[in-house]
Amino acid sequence: MIEEWVGTINGYLWGSILIYLLSGCGIWFTLRLKGLQFTHFFHMFTLLKKSRSSSAEGISSFQALCTSLAARVGTGNLMGVAVAITLGGAGAVFWMWLIALVGMATAFAESTLGQLYKEKDDQGNFRGGPAYYMRKGLNSKTLAITFSLCLFFGYGFVFSSVQANSITSAFNGSYGIDQLTTGMVITVLAAFIIFGGLKKIARFAEITVPFMGVAYLLVCLYVIGMNITLIPNIIANIFASALGLREAGSGLVGAAIVQGVKRGLYSNEAGMGSAPNVAAAAAPNPPHPVAQGYIQMLAVFFDTIVICSCTAFLILLFKDTGSQAQGIQLTQQALAFQVGDWGSDFITIAIMLFAFTSIVGNFAYAENNLKYLNLDNLYGHAFLKVGFLAMLVFGSVATLPEVIALADLSTGLMTVFNVISLFLLTKAISTVTKDYHLQKMQGKIPTYCPSDAEHKSLNLTQGIWQKDK
């Protein structure tokens, strides 16, 4: 009964409301920020060159990027793309690209706000995220607590158990290893990392994410290179299918739009309110909130335009072989078809790395929201860590339809609250963005020192940014 009730709500929430809300948010900020994800595209990479520096108060911008990528780049990049193509055809890839391109503006907006309204905690570390800009920017403590509850439940307990289940299932299917045994190994490794705190999580992500992404990218580029003469036709098919040029009716075009948008949003997380939590923990270089907004835009680009596209080309090169496989099995068979049996094993290892980095990234998000639940103390941290690790063990051996439905509900509500807040805080986003670009045009290294008027209008009195003297 509960699963049916929650499933009905999720059907409306994910099937219509969130698609329009998140797409509209991306288009809104693309227009309001004058398409900065296109006009300032290479500036993201310029900032990345200076992103390795950190301080005792925060992690580096590069570590923040890697930590957010650790949570974004998960099983959805390998399995979700396969599902989108199976249900929506090749055209789903086009809509996945499109939603990522406009979603980059949303990611910029929420991560800039995360930096703008961040604070220092009792240990002198930076903390921030949607709960902070909801409380300070919108003056709504109730909204902040509600958002934190949704995020804490989803990222603190449920999502990671699903990731653990995908790892143990993959190893059981490929090598016959007992799922509980694999689950215990995952739990021990995760405990070693999360008990070290956010900085240890960031260091782990800084090492693992580039290796994970580059290895998968190289294998995919190798396959694409072997089939380079087929790629133009595949790209043409993607565009033709998306626009209905090769379909008898509009049904499959509609499915392509729904699946492409839904899987794209689920993969890159732009607008969900997750990435601003870790973006706020960064000590940006240059010291301006907008700098981290640019860095986090790069995460959306890499997640969807790069990683998801690699998976899409793999599958579309294989799709006409007559295979009836779906999900991760389709991705495994697609790579094995190109490179031999080791391709299936490679996908299994990739799933393990993608899912495990998502697990530790999820913990970082949940831990950041303890303050708004009055759990930011020794007992609260212990409760989260024990519950988090217990759910990893549980997820390793269980099927989780009811829990996944509740997780989708909490994520959907979290996204609704966050996107509405972004719309309401458009003025703050525009103000700091204009300040950054004005200093950049004047040949200065942008440094945010808000005036008295900005301090008052943006409600920055409790933040870390200092007023002009």
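Note that the coordinates shown come from a computational prediction; the quantities given were computed from them, not determined experimentally.

> Would you mind showing me how to read the overall build of the protein chain here?
Counting secondary structure elements, the protein chain contains 20 helices and two strands. A fraction of 81% describes how many contacts in the protein chain between residues 6 or more apart in sequence connect residues 24 or more apart. When the accessible surface of the protein chain is split by element, carbon and sulfur atoms take 65% of a total near 18800 Å².

> Honestly, empty space enclosed by the protein in this entry has me stumped. Any pointers?
Over the atoms, a rolled probe matching the size of one water molecule traces out where space is still vacant. This model, assessed by the stated rule, comprises two cavities of 30 Å³ or more. Reported here for the largest cavity is a volume of approximately 40 Å³. What lines the largest cavity is Leu 22, Ser 23, Gly 26, Ile 99, Val 102, Gly 103, Thr 106, Leu 265 and Ala 270. Elements with a contribution of two residues or more to the lining of the largest cavity: α1 (2–32) and α6 (91–116). It is α6 that contributes the most residues to the lining of the largest cavity, four residues altogether.

> Can you walk me through the environment of Leu 335 in this structure?
Along the chain, the position of Leu 335 falls in helix α15 (residues 327–339). Residue Leu 335 is classed as buried on the basis of its relative accessible area, which comes to 0%. The spacing of Leu 335 and Asp 345 is 10 residues in sequence and 9.6 Å in space, taken between C-alpha atoms.

> Would you mind going over the nonpolar core with me for this structure?
Nonpolar side chains in soluble globular proteins generally cluster together in the buried interior. Ranked by internal contacts, the top residues of the largest apolar core, which has 140 residues, are Leu 113, Leu 116, Tyr 117, Tyr 216, Ile 238, Tyr 294 and Ile 359. Looking at which element gives the most residues to this core, the answer is helix α14 (residues 289–318), with 21 residues.

> Help me understand the packing of helix α3 (residues 41–49) against α14 in this model?
A pair of packed helices is characterised by two quantities: the angle between their axes and the separation of those axes. One way to put it is that α3 packs onto α14 with a least axis distance of 9 Å and a crossing angle of 110°. As judged from the angle between their axes, α3 and α14 are roughly perpendicular. Contact residues: α3 offers Phe 41, His 43, Met 44, Phe 45, Leu 47 and Leu 48, while α14 offers Ala 291, Tyr 294, Ile 295, Met 297, Leu 298 and Phe 301. For the contact of α3 with α14, the class distribution of residues is 11 nonpolar, one polar and no charged.

> Got a minute to help me understand the pattern of salt bridges in this structure?
Proximity of charged atoms lets side chains of opposite charge pair with each other. Taken as a whole and assessed by the stated rule, the structure comprises two salt bridges. Here Glu 119 ties to Lys 136 by a salt bridge, and the two come within 3.5 Å at their closest N and O atoms. With Glu 119 in strand β1 (residues 119–120) and Lys 136 in helix α7 (residues 130–137), the pair connects residues that are 17 residues apart, well separated along the chain. Overlapping salt bridges, with partners in common, bring together Glu 119, Arg 135 and Lys 136 in one network.

> Sorry, what's going on with α14 here?
Count 3.6 residues to each turn of an α-helix, and residues three or four apart come out pointing the same way. The end-to-end C-alpha separation of α14 is 44 Å, in line with the 44 Å expected for 30 residues at 1.5 Å each. Among the 30 residues that make up α14, 29 are buried, leaving the element largely enclosed by the rest of the structure.

> What's the story with α3 in this structure? I'm lost.
Within α3, the full set of buried residues consists of Phe 41, His 43, Met 44 and Leu 47. Viewed along the axis of α3, the buried residues span an arc of 160°, placing them on a single side of the element. Exposed residues on α3 whose side chains face more than 90 degrees from its buried face are Phe 42 and Lys 49. As for α3, its buried residues are in contact with α2 (36–39), α6, α14 and α19 (426–441).

> How should unusual backbone geometry be read in this particular structure?
Even without a glycine there, the phi angle at Lys 34 is positive, about 60°. Although it is not a glycine, Asn 139 adopts a positive phi angle of roughly 60°. Note that Asn 139 resides in the loop between α7 and α8 (141–175).

> What is the right way to look at the side chain of Thr 112 in this model?
Relative to the assigned elements, Thr 112 resides in helix α6. If near-sequence neighbours (up to four positions away) are discounted, Thr 112 is found in contact with Pro 289, Val 290, Gly 293 and Val 432.

> Which parts of the structure should I look at to understand the packing of α8 against helix α17 (residues 378–397)?
In contact at an axis separation of 7 Å, α8 and α17 are set at 30° when each is read in the N-to-C sense. The pairing of α8 with α17 is recorded here as roughly parallel in orientation. Regarding α8 and α17, the two cross each other, and that crossing is right-handed. Contacts between α8 and α17 pair Phe 152, Tyr 155, Gly 156, Phe 157, Ser 160, Ser 161, Ala 164, Asn 165 and Thr 168 from the former with Phe 383, Leu 384, Gly 387, Phe 388, Met 391, Leu 392, Gly 395 and Ser 396 from the latter.

> So what exactly am I meant to see when it comes to the packing of aromatic side chains here?
To describe a pair of aromatic rings, you give the distance between the ring centres and the angle between the ring planes. The tally for this structure, following the rule as stated, stands at 17 aromatic pairs. Seen in terms of ring centroids, Phe 108 and Tyr 294 are 5.3 Å apart; in terms of plane orientation they differ by 70°. Their pairing is edge-to-face. Here Phe 108 is found in helix α6, whereas its partner Tyr 294 is found in helix α14, with 186 residues between them in sequence. Summarising the burial analysis for this pair, Phe 108 and Tyr 294 share the class buried. Through pairs of rings, three or more aromatic residues link up here, namely Phe 41, Phe 42, Phe 45 and Phe 301.

> In this structure, what is going on with the environment of Met 391? I would like to understand it.
Relative to the elements of secondary structure, Met 391 occurs in helix α17. Counting along the chain gives 204 residues from Met 391 to Thr 187, while the straight-line C-alpha distance between them is 9.2 Å. With residues up to four places along the chain from it excluded, the contact list for Met 391 reads Phe 157 and Ser 161.

> What should I look at first to understand the side chain of Asn 165 in this one?
Inspection of the secondary structure puts Asn 165 in helix α8. Within the structure, the side chain of Asn 165 is placed 2.8 Å from the backbone oxygen of Gly 395, a separation counted as a polar contact. Residues in contact with Asn 165, not counting those within four places in the same chain, are Gln 179, Gly 395, Ser 396 and Ala 398.

Quick notes on the rules
Position labels on residues start from 1 in each chain and follow its written sequence. Since the coordinates come from a predicted model, pLDDT governs what is reported: local features require at least 70, and pairs of side-chain atoms require 80 or more to be given and counted, while whole-chain, interface and lining totals use all residues. Side-chain metrics rest on all non-hydrogen atoms present in the structure, leaving aside hydrogens and water. Put simply, DSSP H or I for four residues or longer makes a helix, DSSP E for two residues or longer makes a strand, and each gets a number counted from the N terminus. The contact rule is simple, with two residues in contact once any of their heavy atoms fall within 4.5 Å. For accessible areas, the Shrake-Rupley method is used with a probe of radius 1.4 Å. Any residue's cover is judged against the shown protein chains and nothing else. Any residue with an atom within 4 Å of a point lines the site, the site being either a cavity, points on a 1 Å grid over the protein atoms alone where a 1.4 Å probe fits but cannot get out, or a pocket, an open set with protein on both sides within 12 Å along at least 5 of 7 lines. Grid points are joined across faces, edges and corners, and a volume is the space filled by probe spheres set on the points. Burial classification: accessible surface area is computed with a 1.4 Å probe over protein chains only, and a residue below 20% of its type maximum counts as buried, one above 50% as exposed, and the rest as partly exposed. Buried residues of nine kinds, namely Ala, Val, Leu, Ile, Met, Phe, Trp, Tyr and Cys, make up a nonpolar core once their side-chain atoms join them within 4.5 Å. Axes, fitted as lines to C-alpha atoms, cover a helix only where it is in contact. Angles between the N-to-C directions of the axes lie from 0 to 180 degrees. Comment on the angle field: the value is read as roughly parallel under 35 degrees, roughly antiparallel over 145, roughly perpendicular from 65 to 115, and oblique elsewhere. In this classification, the charged set is Asp, Glu, Lys and Arg, the nonpolar set is Ala, Val, Leu, Ile, Met, Phe, Trp, Tyr, Cys and Pro, and all remaining amino acids, among them Gly, are polar. Whenever Lys or Arg places a side-chain nitrogen within 4 Å of a carboxyl oxygen from Asp or Glu, that contact is recorded as a salt bridge. In this scheme, a helix's expected span is set at 1.5 Å multiplied by one less than its residue total. Regarding the arc, it is the one traced by the directions from the helix axis to the C-beta atoms. The hand of a helix crossing depends on one turn: near helix anticlockwise from the far one by less than a right angle means left-handed, and clockwise means right-handed. Here a Phe, Tyr or Trp ring, Trp counted by its six-membered ring, pairs with any other such ring whose centre lies within 6.5 Å, and the pair is stacked when the planes are under 30 degrees apart, edge-to-face when over 60, and tilted otherwise. We call two N or O atoms a polar contact when they sit within 3.5 Å, provided that within protein one can donate a hydrogen and the other can accept it, with sequence-adjacent residues counted only if both atoms are side-chain atoms.

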